[in-house]
There are 2 protein chains.
Amino acid sequence: MAGTDTSLPITLAPGPAIILCEPQLGENIGSTARAMANFGLWDLRLVRPRDGWPNEKAVAAASRADHVLERVRVFETLEAAIADLTLVYATTARSRDMQKEVLGPEEASSNMARHIGGGQGAGLLFGRERWGLLNDEVAMADAIVTLPVEPAFASLNIAQAVLLMSYEWRRNGGAGKALPFSEGLDEAAPREELVGLFQHLEGVLDQSGFFTTPDKRPSMVNNLRTALTRGRFTSQEIRTLRGVISSIDRRHERPNPNRQKPQAKDEPKE
Amino acid sequence: MAGTDTSLPITLAPGPAIILCEPQLGENIGSTARAMANFGLWDLRLVRPRDGWPNEKAVAAASRADHVLERVRVFETLEAAIADLTLVYATTARSRDMQKEVLGPEEASSNMARHIGGGQGAGLLFGRERWGLLNDEVAMADAIVTLPVEPAFASLNIAQAVLLMSYEWRRNGGAGKALPFSEGLDEAAPREELVGLFQHLEGVLDQSGFFTTPDKRPSMVNNLRTALTRGRFTSQEIRTLRGVISSIDRRHERPNPNRQKPQAKDEPKE
């Protein structure tokens, strides 16, 4: 369907970021940029694209969505890619054994519109072509978004999934549904602070021997991150929690010689 | 996004037909089949596909949407492709100078759901890759459907447009919104009867010298068809109209020598 009016200026209205985790094919990155442009999105972020960036095949597939391609940002880690966001949804077609809320595209768009309308940043994660998002990536998200596909034929490529979410953003979320002020509930900390909390905690747990066998560590970490993400902590709460961790940690590292010990028996002495 | 559950049977629920007019690339036909399958559609019709049918590239792009590909039907004319349908929408991203209603995807899906729920057939027309639908094809439709794309970046490929309409069908139209009985208003004649009326009328007008210059004929025909389609005639009305045309036509072809002409002038007598 041709029909672009090239005389019109492209405006960069506030909208969710699209984050592709380890995309393999340049063509899919380009088609994603095009799909975003069709519905007014422009903030595309890539985590470790297999063939590097920039990518000629992406340019060819983008059908002149130059205003998206020019602004692509590449990150070494998902954590860095979502550092400035305060609402992150993971798109997936498979159910995961995680204690995460599952939303449809309309509800996700409405939530993002409220959030972005309140001046905050939101993003949608999309997985690699072959096997989607890893569980440790899904664990970083506030909720899962899934599309109402036919269960017997559920396979969508990345650009199609992005197209549908972008369409929903414009149709159902968009600027029209943004509220004039933000809810108190939306004051979650920027994601980099949450990641800081995770890394702090996991580092401490590594030292403490919490992860009994190395092969169980990844799933234990995911479960922890999932639980902690659901809390939607504020910056102040994260500072408090990190203080809690440090405090407990320090107690074992540098036992307080002045402490008394009426009942508690098993404290290290060195 | 992987996630197909191959243990589930594919069901062919009632839904709109997707009609591609002169598709050029097999890949696009295959991607269209896949997009349809994602949201439970399966009736794909091709009008004069450039590279014939079956097409290996279509199979490769369809990602095993075999239940759609196996049922593809190929037609020589658009008229034949929509002969059994009673509600036809033309998708286009360009505004046309036609007296046709323009619908958004949600409204189109709701209308189709009501129609199909009443046991009738509906279809969506999609144009060729390069320049979409021709005006004489749009003229055959009851209304135009257009997607809420960004006007400054409106270009969607066929499979993406089909994907979005299929998604809307499932999300907004689907079986859930079908009413248990059909409205009286929906008893329009099958499209082949309307085409019969058009051809009858245009043949008569060719004979009658209605089309003053050959280069104006196409646009005059389109305007006529557009006007006549909007009426949503019943079969009975079409028979009546054709009787009217024949009657007028016959009078000129074989003037009745017995006709009298004082006051009651124009009644055929044979």
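> Could you give me a rundown of the overall build of chain A, with the residues and numbers involved?
Within chain A one finds 10 helices and 7 strands. Taking all contacts inside chain A whose residues are at least 6 apart in sequence as the whole, residues at least 24 apart take part in 86%.

> Can you break down the sheet that holds strand S5 (residues 102-103) of chain B residue by residue, with the values?
Overall, parallel pairing links the 7 strands, which are arranged S3-S2-S1-S6-S4-S7-S5 (chain B) in an open sheet. Edge positions in the sheet fall to strand S3 (73-75) and S5 of chain B, since each has one partner strand and no second.

> Kindly report on the confidence of the model for chain A, identifying the contributing residues and their values.
All names here are of chain A. Looking at chain A, the pLDDT average stands at 84 and 86% of residues meet or exceed 70. The model gives residues 175-186 a pLDDT under 50, and that stretch makes 19 contacts with residues more than four places away or in other chains. The low-confidence segment residues 259-270 (pLDDT under 50) makes 4 contacts with residues lying over four places distant or belonging to another chain. Scored as a complex, the prediction yields pTM 0.77 and ipTM 0.74.

> So what's going on with the relation of the copies chain A and chain B? Residues and values would help.
Mapping chain A onto chain B calls for a screw motion: a turn of 179 degrees about the axis and a shift of 0.0 Å along it, with 0.1 Å RMSD after fitting. Seen this way, the second copy is the image of the first under a two-fold rotation axis. Interface overlap between copies is the fraction of interface residues in one copy that are interface residues in the other; for chain A against chain B it reaches 100%, indicating a shared surface.

> Talk me through the sheet that holds strand S5 (residues 102-103) of chain A; I want residue IDs and the actual numbers.
The strands making up a sheet associate through backbone hydrogen bonding, with each pair oriented either parallel or antiparallel. Residue and element names in this part refer to chain A. Strands sit in the order S3-S2-S1-S6-S4-S7-S5 across an open sheet of 7 strands; the sheet is parallel. Edge strands, defined here as strands with exactly one partner in the open sheet, are strand S3 (73-75) and S5. Bridge analysis of strand S1 (residues 17-21) against strand S6 (residues 122-126) gives 4 bridges, and the strand direction is parallel. By the bridge assignment for S6, alanine 17 is matched with glycine 123.

> Summarise the environment of phenylalanine 39 of chain B; cite the residues concerned and give the values.
As for its placement among the helices and strands, phenylalanine 39 of chain B is situated in the loop between helix H1 (26-38) and strand S2 (44-47). When the C-alpha atoms of phenylalanine 39 of chain B and leucine 164 of chain B are compared, they prove to be 9.6 Å apart, with 125 residues separating the residues in sequence. Apart from the residues lying within four places of it in its own chain, the contact partners of phenylalanine 39 of chain B are Val149 and Glu150 of chain A together with Ser166, Tyr167, Trp169 and Arg170 of chain B.

> Let's hear about helix H8 (residues 191-208) of chain A: which residues, and what values?
Residue and element names in this part refer to chain A. Here H8 is 18 residues long and its end C-alpha atoms lie 25 Å apart, about the 26 Å a rise of 1.5 Å per residue gives. Every buried residue of H8 is listed here: Arg191, Leu194, Leu197 and Leu201. Along the axis of H8, the buried residues cluster in a sector spanning 115 degrees; they form a single face. In H8, the exposed positions that point more than 90 degrees away from the buried face belong to Gln199, Gly203, Asp206 and Gln207. Glycine 209 lies just past H8 and shows a positive phi near 75 degrees.

> Outline the domain arrangement of chain A, listing residues and values.
One frequently used descriptor of interface size is the decrease in accessible area upon assembly of the parts. All names here are of chain A. On domain assignment, one finds that chain A holds domain 1 (17-181) and domain 2 (188-253). On a C-alpha basis, the centres of domain 1 and domain 2 stand 26 Å from each other. Counting residues at the interface gives 16 residues for domain 1 and 13 residues for domain 2. Residues of the side of domain 1 that touches domain 2, tallied by class, amount to 8 nonpolar, 3 polar and 5 charged.

> Lay out the packing of helix H8 (residues 191-208) of chain B against helix H9 (residues 217-230) of chain B in plain terms, naming residues and giving numbers.
Residue and element names in this part refer to chain B. Here H8 crosses H9 at 140 degrees, and the two axes come no closer than 11 Å. Taken as axis vectors, H8 and H9 run oblique relative to one another. At the point where H8 passes H9, the crossing takes the right-handed sense. Contact residues: H8 offers Leu194, Leu197, Phe198 and Glu202, while H9 offers Val221, Arg225, Leu228 and Thr229.

> Can you explain the interface of chain A and chain B? Please cite residues and give values.
Taken together, the contact between chain A and chain B spans 37 residues of the former and 37 residues of the latter. Residue assignment for the side of chain A that touches chain B shows that the elements contributing at least two residues are helix H1 (26-38) and helix H7 (158-173) of chain A. Considering every element that reaches the side of chain A that touches chain B, the biggest residue donor is H7 of chain A, with 7 residues. Split into classes, the residues belonging to the side of chain A that touches chain B amount to 21 nonpolar, 11 polar and 5 charged.

> Would you mind going over the pairing of strand S2 (residues 44-47) of chain A in detail, with residue names and values included?
Residue and element names in this part refer to chain A. By the alternation rule, side chains of S2 split into Leu44 and Leu46 and Arg45 and Val47, which are all buried. Sheet analysis places S1 next to S2, joined by 4 bridges and oriented parallel. For cysteine 21, the partnering residue across the bridge sits in S2 and is valine 47. For the segment spanning S1, H1 and S2, crossover handedness is right-handed. When S2 meets S3, the two strands line up parallel, connected through 3 bridges. Residue pairing across strands places leucine 46 opposite valine 74, the latter belonging to S3.

Calculation notes
- Residues numbered from 1 in each chain as written.
- Chains lettered and ligands numbered in written order.
- Predicted model: local features only at pLDDT ≥ 70, side-chain atom pairs only at ≥ 80, totals over all residues.
- Helix = DSSP H or I, 4+ residues; strand = E, 2+ residues; numbered from the N terminus.
- Contact = placed C-beta atoms within 7 Å.
- Pairing = 2+ DSSP bridges.
- pLDDT = per-residue confidence, 0-100.
- Least-squares fit on C-alpha atoms with pLDDT ≥ 70 in both.
- Expected span 1.5 Å × (residues − 1).
- Buried ≥ 20, exposed ≤ 12 C-beta atoms within 10 Å, placed from the backbone.
- Arc of directions from axis to C-beta.
- Domains from an automatic or database assignment.
- Nonpolar A, V, L, I, M, F, W, Y, C, P; charged D, E, K, R; others polar.
- Axes fitted to C-alpha atoms, helices over the stretch in contact; angles between N-to-C directions.
- Parallel < 35°, antiparallel > 145°, perpendicular 65-115°, else oblique.
- Left-handed = near helix turned anticlockwise from the far one by under 90°.
- Right-handed = clockwise from strand over helix to strand, strands pointing away.

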